[in-house]
Each structure stands twice: as C-alpha cells, then as structure tokens.
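Listed here are the chains, written in short residue letters.
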Amino acid sequence: MFDVSNRIKELRINRGLTVNGLANLAGISQSYLREIELGNKKPTIEYLEYICDALNISLVAFFDVRNNDEISETISLLNKKQKEKLSEFIKSLFL
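Quick summary incoming for the structure in this document. Source: prediction; values computed, not measured. The residue numbering used here restarts from 1 in each chain and proceeds along that chain's sequence as written. Per-residue local features of the predicted model are confined to residues with pLDDT of at least 70, and side-chain atom pairs are confined, for both listing and counting, to 80 or more; whole-chain, interface and lining totals are unaffected and use all residues. Values shown for side chains rest on all heavy atoms present in the structure; no hydrogens or waters enter the calculation.

### Overview of a nonpolar patch on the surface
(1) Moving on: On the surface, Phe89, Ile90 and Leu93 cluster together to form a nonpolar patch covering roughly 300 Å² of accessible area.
(2) Moving on: Residue classification places Ile90 among the partly exposed positions, given a relative accessible area of 38%. Here the term patch refers to residues with relative accessible area over 30% and no salt bridge, with like charges joined within 9 Å and nonpolar side chains (Val, Leu, Ile, Met, Phe, Trp, Tyr) within 5 Å. Areas reported as accessible are Shrake-Rupley estimates using a 1.4 Å probe. Residue values count occlusion only from the protein chains shown. Salt bridges are identified by distance alone: a Lys or Arg side-chain nitrogen within 4 Å of an Asp or Glu carboxyl oxygen. Each residue is assigned to one of three classes by its accessible area relative to the maximum for its type, calculated with a 1.4 Å probe on protein chains only: buried under 20%, partly exposed between the two thresholds, exposed over 50%.

Below is the structure:
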C-alpha cells in the first residue's frame, strides 16, 4: 500500500521546506498538512494536486516510487533544456 503521508513528508524535507512553508506554497492550512503527514487525514485529489504543485512534482511522479531516489529527484528539478543536455551527455557515454 502506498503511503501518501510519508511521501509528502519525504518530498517536503528533500526540498528543505517546513510544514508551514509547504502549506503556504500549496495554499492550505498548516494544521491540515500536519494531519496529513501524521496519517490522521487523507488528502483529496484536489488537495494532493495543490501539494504536488507546491513541490514542483506531477501527480504521476508523486506516485511513481521509481522516482524516489536522489538522482530522480534532482533530475525533476531541471528545466527542459537541462534535461536534454543531460540526456545527450548520458548517451555519449555509451557511444
């Protein structure tokens, strides 16, 4: 079973945000976010979208546990041009 509360907390911490900081970015109350992270409440898809937007991550990436490592998290922060350059570099290693 996928643990939404731990995933939110993990992403928040990885981005150096406090509960209050993420709540402000997402436009939700700090107490509601705290209750979600503690596992006392389950967010609706609407609120999960607000949280994902604030974390700069898509809903697909949120639920994709393969993106749960440091490299994937770092890549997710790159812009399109940077991702293209990184892809070219990686491909050059195998030629």
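### Overview of the environment of Phe63
(1) Moving on: With respect to the helices and strands, Phe63 occurs in helix α5 (residues 59-63).
(2) Moving on: Linking Phe63 and Arg7, residues 56 residues apart in sequence, is a C-alpha distance of 8.5 Å.
(3) Moving on: Look past the residues within four positions of Phe63 in its chain and what remains in contact with it is Phe2, Val4 and Leu48. Working definition: helices are DSSP H or I runs of at least four residues, strands are E runs of at least two. Numbering for both runs from the N terminus. Only heavy atoms enter the contact rule, under which two residues are in contact if any of them lie within 4.5 Å.

### Let's talk about helix α3 (residues 30-37)
(1) Moving on: Taken together, the buried positions of α3 are Tyr32, Leu33, Ile36 and Glu37. Along the axis of α3, the buried residues cluster in a sector spanning 135 degrees; they form a single face.
(2) Moving on: Against α1 (4-14), α2 (19-26) and α4 (45-55) lie the buried residues of α3.
(3) Moving on: Of the residues trailing α3, Gly39 is marked for its positive phi of about 85 degrees. An arc is given here, and it is the one of the directions from the helix axis to the C-beta atoms.

### Structural notes on the packing of aromatic side chains
(1) Moving on: For Phe, Tyr and Trp, where Trp contributes only its six-membered ring, two rings pair if their centres lie within 6.5 Å, and the inter-plane angle classes them as stacked under 30 degrees, edge-to-face over 60, or tilted in between. Taken as a whole and assessed by the stated rule, the structure comprises three aromatic pairs.
(2) Moving on: Taken together, a centroid distance of 5.3 Å and an interplanar angle of 65 degrees make the contact between Tyr32 and Tyr47 edge-to-face. Of this pair, Tyr32 sits in helix α3 while Tyr47 is found in helix α4, placing the two residues 15 residues apart along the sequence.
(3) Moving on: A centroid spacing of 5.0 Å and a plane angle of 85 degrees characterise the contact between Phe62 and Phe63, whose relative ring orientation is edge-to-face.
(4) Moving on: Its relative accessible area of 39% is what places Phe63 among the partly exposed residues.
(5) Moving on: One aromatic cluster is present, built from ring pairs that chain together Tyr32, Tyr47 and Tyr50.
(6) Moving on: Any Lys NZ or Arg CZ that is within 6 Å of a ring centre and within 35 degrees of that ring's normal is treated as a charge sitting over the ring. The ring of Phe62 has Arg7 lying over it, and the distance from NZ or CZ to the ring centre is 5.8 Å.

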